[in-house]
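Structural description and commentary
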Amino acid sequence: MEWDAKYEHGVIWQDLQHKELVEKMHQLLDSIIEIKKDKEIFYDTIKFLKDYHKRHFLIEEEYMIKHKYTGFKDHYKEHKYFTWFLNDFISQSIYREIETSVELLNECTNWFGNHIKTSDKLFAQFLLENQIT
Ligand SMILES: [Fe+2]
Ligand SMILES: [Fe+2]
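Quick caveat: nothing in here was measured; it's all calculated off a predicted structure.

Structural notes on the overall build of the protein chain
The secondary structure content of the protein chain amounts to four helices and zero strands. Helices and strands in the protein chain line up, N terminus first, as α-α-α-α. Taking 14 Å as the expected radius of gyration for a compact globule of 133 residues, we find that the protein chain reaches 15 Å, a close match to that expectation. Taken along its principal axes, the extent of the C-alpha atoms in the protein chain is 50 × 25 × 20 Å.

A few points about the nonpolar core
Judged by nonpolar contacts, the single largest core of 25 residues is most densely connected at L28, F82, F89, L105, C108 and F112. Discounting chain neighbours no more than four positions away, the residues touching F89 are L28, I32, R96, S101, L104 and L105. Counting nine residues, the second-largest nonpolar core is a separate cluster that includes W13, Y69, A124 and F126.

Quick word on the coordination of the iron ion (ligand 2)
Binding of the iron ion (ligand 2) to the protein goes through H18 (NE2), H56 (NE2), E60 (OE) and D120 (OD), at separations of 2.1 to 2.2 Å. Seen from the iron ion (ligand 2), its four donor atoms lie at angles of 81 to 167°, and the figure they make is irregular. Read from N- to C-terminus, the donor residues coordinating the iron ion (ligand 2) fall into the pattern H-x37-H-x3-E-x59-D. Here the iron ion (ligand 2) and the iron ion (ligand 1) are spaced 3.3 Å apart, with E60 acting as a shared donor. Pair noted here: H18 is in helix α1 (residues 12-33) and H56 is in helix α2 (residues 39-66), with a separation of 38 residues, a long-range link. Look at H56 and you get buried, because its relative accessible area is 1%.

As for the coordination of the iron ion (ligand 1)
For a metal bound by four donors in tetrahedral geometry, the ideal donor-metal-donor angle is 109.5 degrees, whereas six donors in octahedral geometry ideally sit at 90 or 180 degrees. Coordination of the iron ion (ligand 1) by the protein is provided by E60 (OE), H75 (NE2), H79 (NE2), H115 (NE2) and D120 (OD), with metal-donor distances spanning 2.1 to 2.2 Å. Mapped onto the sequence, the donors of the iron ion (ligand 1) take the spacing E-x14-H-x3-H-x35-H-x4-D. Overall, E60 belongs to the buried group, its relative accessible area being 0%. The buried category is assigned to H79, whose relative accessible area is 2%.

Regarding unusual backbone geometry
Unusually for a residue other than glycine, K68 sits at a positive phi of about 50°. By the element assignment, K68 lies in the loop between α2 and α3 (72-93). For K68, a relative accessible area of 69% gives the class exposed. Despite not being glycine, Q131 shows a phi value in the positive range, around 50°. With respect to the helices and strands, the residue Q131 is situated in the segment after α4 (98-129).

Structural notes on the pattern of salt bridges
Tallying each qualifying case throughout the model produces three salt bridges. The partner of D88 in a salt bridge is R96, with the nearest N and O atoms 3.6 Å apart.

Structural notes on α4
Since the α-helix packs 3.6 residues into each turn, any two residues three or four apart lie on the same face. Its 32 residues place the ends of α4 44 Å apart at the C-alpha level, agreeing with the 46 Å of an ideal helix rising 1.5 Å per residue. At D120, α4 shows its maximal bend, which comes to roughly 40°.

Structural notes on the packing of aromatic side chains
Under the definition given, this model contains 15 aromatic pairs. Ring geometry for W3 and Y7: centres 5.5 Å apart, planes at 40°, overall tilted. Of the two residues, W3 and Y7, neither departs from the other in class, the shared state being buried. Taking the centre distance of 6.3 Å and the plane angle of 40° together, the rings of W84 and F85 count as tilted.

Thresholds, definitions, all that
Residues numbered from 1 in each chain as written. Chains lettered and ligands numbered in written order. Predicted model: local features only at pLDDT ≥ 70, side-chain atom pairs only at ≥ 80, totals over all residues. Heavy atoms only, no water. Helix = DSSP H or I, 4+ residues; strand = E, 2+ residues; numbered from the N terminus. Rg over C-alpha atoms; globule rule 2.2 N^0.38 Å. Core = buried A, V, L, I, M, F, W, Y, C linked by side-chain atoms within 4.5 Å. Buried < 20%, exposed > 50% of the residue type's maximum accessible area, 1.4 Å probe, protein only. Contact = heavy atoms within 4.5 Å. Donors = N, O, S within 2.8 Å, 3.2 Å for Na, K, Ca; no water. Tetrahedral: all angles 85-135°; square planar, octahedral: opposite > 155°, others 65-115°. Salt bridge = Lys/Arg side-chain N within 4 Å of Asp/Glu carboxyl O. Expected span 1.5 Å × (residues − 1). Bend = angle between axes of the 7 residues up to and from the residue. Phe/Tyr/Trp six-rings, centres within 6.5 Å; stacked < 30°, edge-to-face > 60°.

The following block contains the structure:
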């Protein structure tokens, strides 16, 4: 998935973090395709994604807990799943064929795109309706 304004829900910090994450996932994809040239970018991007997605999830979860968001449990499970997915990709990527890595990373990015379009959208609506930004 390419980043598009349609993924923005109007909560500025959330939109910016989503954009950053999606762009980094694309950068990772490019570095896999050209892995021989871009090993450094590959490892830097992985490190960034590992840290930044956790921070992003934590911020959303803290808002949910603080403002008693009723969808917290399900949303939290989705975050856990993504973390597992990403970590699995990272830990195994070195052993995989490039084609498999590309396929998996595309799957991971699409999953994240769907999360933004559905669960994060609902949460953003909750924040906006309650004037929490
Ligand atoms: Fe989320
Ligand atoms: Fe999010």
